[in-house]
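Letter by letter, the chains look like this.
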Amino acid sequence: MTDDIRRRMFAELDNKQALEAAHEAACRYIDGIADRPVFPSPAALQALDRFDHPLPDEPGDAMAVVRELDETGAPATVAQIGGRYFGFVNGGVVPASLAARWLTDAWDQNTPLYLTSPIAARLESVCEGWLRDLFGLPPETVAGFVSGTSLSNVCALAAARQRILTRLGWDVARRGLDGAPRLRIIASRAAHATVSRAIALLGFGLDRVEWVAADDQGRIDPAGLPALDSTCILVLQAGNVNSGAFDDFATLCPRAREQGAWTHIDGAFGLWAAASAGLRHLTAGIEHADSWSFDGHKTLNTPYDNGVLLCRDRDALVDALQATGAYIEYGDQRDGMQHTPEMSRRGRVFELWAALKYLGRSGIDELVLGLHQRAAQFAAELAAEDFEIINDVVFNQVLVACGDDTATDATLAAVQRSGECWVGGTNWRQRRAIRISVCSWATTEADVTRSVRALVAARNSLPGTT
Ligand SMILES: *Cc1c(COP(=O)(O)O)cnc(C)c1O
């Protein structure tokens, strides 16, 4: 039996039918993206019932596996790589980055150590330098390559805790938090949910956070900031997940630094503003922070999942994430797991490197600025159609209302059903809002206009309107 499965798999590698079929299906998917409903049809979702069968008793063949995914799976995908998906902050895919993913998936590298993948280690070092340079961060800044900003925020707060408690003579890894010196966390009421989760997960206690009020755009109010000291972690934000607003780093970061506090910036999608000459004013002052989180999979449009932590205090980060074992051999080359909480890890740096290499400085600038320009176009065209734009469109996010909450929600539901585009909903300053995130390079001016038409049609379809 075991011999048989091995023979079968050698044959799959030999004839490559499944690999080539997968490639052909993926290319066909890409070609058809504009004709696909942006959210799967009810029939496509119904067809997912076909997957509900018991685990097969016997091996199948690889072609059949690929075919099942292509035939039943693909129609139930969200057409995220097309130009009319504006949900959450998801991002499309830079072709060179996808191609790099395909190639390097075949390499199947595990990347904790230089020894397990010298190429991954080298490209992590290269990207670390490029990112530091792109965002204008201090030369001592190091990078950890993780799944996303969720985890990057956890790592940053762990490093901050390590630094502050070490300074106070407390080894938190050994002694834990029980009885530890008091450490303060200051965060905005408009902080992202993953900041709260990181705080909870690390045992700081959400009730002990000193929450600071945010203004009408979701920016932390500098006047509401308590006095800081060297036991403080200040969490700021580049890109509010609803409004896209940026905290006032130029005021806050130097102030925190003077007072010896650790500043972390959650810049999941917004940190990329620093890479665009036309938007860089939004991130002025970030270089005075201590750590920064951002995603490749959002604004930069790498495939999922791709997050990065940048931290100027390497020792604190490495000590916070330390892992040792008799079989782990750290060398004098870069060992990526010293900067991440995982051990085994796929080579997600490959697609990040490919996107950066392909786009270059000017391509990144153009991509990021383009998202803003399409968002501004959205706001202008919607306003001309009597929708209400309820945020300042400083980056890629547009918040829209049409009359009361009931009308806004009904319009949202109708446009989601249309399959023409996909936008999400949110609550913003005690109102319901339609939330538009322009975060794919593939969104054209025509996509924006078509989506605006779909929103107008959705609003006009409501009972009581003509
Ligand atoms: C998306 C987002 C996160 C979480 O990032 P993931 O990549 O989804 O883990 C955190 N903060 C902000 C502001 C975000 O937009």
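Being a predicted model, the structure only gives us computed values, none of them experimental. (Residues numbered from 1 in each chain as written. Predicted model: local features only at pLDDT ≥ 70, side-chain atom pairs only at ≥ 80, totals over all residues. Heavy atoms only, no water.)

1. Details of the site of the ligand
The test is simple: Any residue with a heavy atom lying within 4 Å of a molecule or strand is counted as near it. Think of a polar contact as two N or O atoms within 3.5 Å of one another; within protein, one of them needs to be a possible hydrogen donor and the other a possible acceptor, and neighboring residues in sequence only count if both atoms come from side chains. Here the Shrake-Rupley method, with its probe set to 1.4 Å, supplies the accessible areas, and only the displayed protein chains count as covering residues. With a 1 Å grid laid over protein atoms only, a set of points is called a cavity when a 1.4 Å probe fits there but cannot get out and a pocket when it is open yet has protein on both sides within 12 Å along at least five of seven lines; lining residues have an atom within 4 Å of a point. For a molecule to be placed in a cavity or pocket, more than half of its atoms must lie within 2 Å of the grid points of that cavity or pocket. Throughout, the ten residues Ala, Val, Leu, Ile, Met, Phe, Trp, Tyr, Cys and Pro are labelled nonpolar, Asp, Glu, Lys and Arg are labelled charged, and all others, Gly among them, are labelled polar.
S150, D266, D295, H297 and K298 are the nearest of the 13 residues found near the ligand. Between the ligand and D266 there is a distance of 2.7 Å, counted from a nitrogen atom to a side-chain nitrogen or oxygen. Interatomic distance of 2.6 Å between a side-chain N/O atom of D295 and an oxygen atom of the ligand. Alone, the ligand offers 380 Å² of accessible surface; in the complex the protein occludes 86% of this. According to the grid-proximity analysis, the pocket containing the ligand is the second largest pocket. Its residues placed into classes, the shell around the ligand shows three nonpolar, seven polar and three charged.

2. Observations regarding the nonpolar core
Going by this rule: By nonpolar core is meant a set of buried Ala, Val, Leu, Ile, Met, Phe, Trp, Tyr and Cys residues that side-chain atoms within 4.5 Å join together. Exposure classes here rest on a 1.4 Å probe applied to the protein chains alone. A residue is buried below 20% of its type maximum, exposed above 50%, and partly exposed in between. Secondary structure follows DSSP: runs of H or I at least 4 residues long count as helices, runs of E at least 2 residues long count as strands, and numbering of each begins at the N terminus. By definition in these notes, contact holds between two residues if any of their heavy atoms fall within 4.5 Å.
Of all hydrophobic cores here, the largest spans 78 residues; its most connected members are F135, I265, W272, F378 and I436. Per-element accounting of this core gives the leading share, 14 residues, to helix α12 (residues 349–384). When near neighbours in sequence (up to four residues on either side) are disregarded, F135 contacts L271, W272, A274, A275, I286, F294 and L310. A159, I164, A180 and A187 belong to the second largest nonpolar core, which has 30 residues in total.

3. Thoughts on the pattern of salt bridges
Formally: Should a side-chain nitrogen of Lys or Arg be within 4 Å of a carboxyl oxygen of Asp or Glu, the pair is scored as a salt bridge.
Scanning all chains against the criterion turns up 26 salt bridges. Notably, a salt bridge pairs D4 with R7, separated by 3.6 Å at the nearest N-O pair. Placement of the pair is D4 and R7 together in helix α1 (residues 2–15), with a separation of three residues, close to one helical turn. For R7, a relative accessible area of 54% translates into the label exposed. Salt-bridge contacts for R84 lead to D447; the nearest nitrogen and oxygen are separated by 3.3 Å. One end of the pair, R84, is in the loop between α4 (62–73) and α5 (95–107); the other, D447, is in helix α14 (residues 445–460), with 363 residues separating them in the sequence. A single burial state applies to R84 and to D447, both of which are buried. Taken together, the salt bridges that share partners define one network made up of R101, D105, D305, E342, R346, R348 and E351.

4. Looking at the layout of surface pockets
Where we set the bar: Grid points are joined across faces, edges and corners, and a volume is the space filled by probe spheres set on the points. Domain delimitation follows an automatic or database domain assignment.
Of the pockets and cavities examined, the largest pocket occupies roughly 710 Å³. Taken together, 25 residues line the largest pocket, and the ones lying closest to its centre are A26, Y29, T77, L98 and W102. For the lining of the largest pocket, the secondary-structure elements that each account for two or more residues are α2 (17–31), α4 and α5. Sorting elements by how many residues they give to the lining of the largest pocket places α2 first, with five residues. In terms of residue class, the lining of the largest pocket is built from 15 nonpolar, seven polar and three charged. Mapped onto the domain boundaries, the lining of the largest pocket takes at least three residues apiece from domain 1 (3–79) and domain 2 (100–355). By volume, the second largest pocket amounts to about 320 Å³. Along its surface, the second largest pocket is lined by 20 residues, and V89, H192, V241, K298 and R435 are the ones closest to its centre. Those elements that place two or more of their residues in the lining of the second largest pocket are α7 (149–167) and β10 (424–428).

5. What to know about the sheet that holds strand β5 (residues 262–266)
So the rule is basically this: Pairing between strands is defined by DSSP: at least two bridges between them are needed. Each axis is a line fitted through C-alpha atoms, taken for helices only over the stretch in contact, and angles between the N-to-C directions span 0 to 180 degrees.
Taken in spatial order, the seven strands make up an open sheet running β1-β7-β6-β5-β4-β2-β3, and their pairing is mixed. Since the sheet does not close on itself, it has two edges, and those belong to β1 (142–146) and β3 (210–212), each with one partner. When strand polarity is set aside, the average angle formed by the axes of neighbouring strands in this sheet is 20 degrees. Of the strand pairs in this sheet, strand β6 (residues 291–295) and strand β7 (residues 307–311) are connected by five bridges, and their pairing is antiparallel. Of the residues in β7, the one forming a bridge with S291 is C311. Strand contacts of α7: β1, β4 (232–237), β5, β6 and β7, with the helix running at about 180 degrees to β5, the strand carrying the most contacts.

6. Remarks on the packing of aromatic side chains
Here is the rule we go by: Aromatic rings from Phe, Tyr and Trp, with only the six-membered ring used for Trp, were paired whenever their centres fell within 6.5 Å, and each pair was classed as stacked if the ring planes differed by under 30 degrees, edge-to-face if by over 60, and tilted otherwise.
Per the counting criterion, the structure on display carries 10 aromatic pairs. Between F246 and F395, the aromatic rings sit 5.5 Å apart at their centres with planes inclined by 90 degrees, giving edge-to-face as the arrangement. Taken together, the residues F246 in the loop between β4 and α10 (249–258) and F395 in the loop between β8 (388–389) and β9 (397–401) connect sequence positions 149 residues apart. Each member of the pair, F246 as well as F395, carries the same accessibility label: buried. Through pairs of rings, three or more aromatic residues link up here, namely F39, Y85, F88 and W422.

7. Remarks on α4
The condition that has to hold: Multiplying 1.5 Å by the residue count of a helix minus one yields the expected span of that helix.
If you check α4, its first and last C-alpha atoms are 15 Å apart, about what 12 residues at 1.5 Å a residue would give, namely 16 Å. For α4, the full list of buried residues reads V66, D70, T72 and G73. Tucked inside the fold, the buried residues of α4 contact α2. For α4, the capping residue at the N-terminal end is D61, with a side-chain oxygen 3.2 Å from the backbone nitrogen of M63.

8. Remarks on α14
Three or four residues apart is the spacing at which side chains of an α-helix point the same way, because the helix has 3.6 residues per turn. Taking 1.5 Å as the rise per residue, α14 with 16 residues should run 22 Å; its terminal C-alpha atoms sit 23 Å apart, in good agreement. Inspection of α14 places D447, V448, S451, V452, A454, L455, V456, A458 and R459 among the buried residues, and these make up the whole buried set. Those residues of α14 that are buried lie in contact with α12, α13 (405–418) and β11 (431–437).

9. A closer look at unusual backbone geometry
Glycine aside, a negative phi is what most residues show, and trans is what most peptide bonds show. Here the residue pair Y304 and D305 is connected by a cis peptide bond, since its omega of -10 degrees sits within 30 degrees of zero. Along the chain, D305 falls in the loop between β6 and β7. Unlike most non-glycine residues, K16 shows phi in positive territory, near 55 degrees. With respect to the helices and strands, K16 occurs in the loop between α1 and α2. Unusually for a residue other than glycine, D386 sits at a positive phi of about 70 degrees. Here D386 shows up in the loop between α12 and β8.

None of this, on its own, says anything about what the molecule does.
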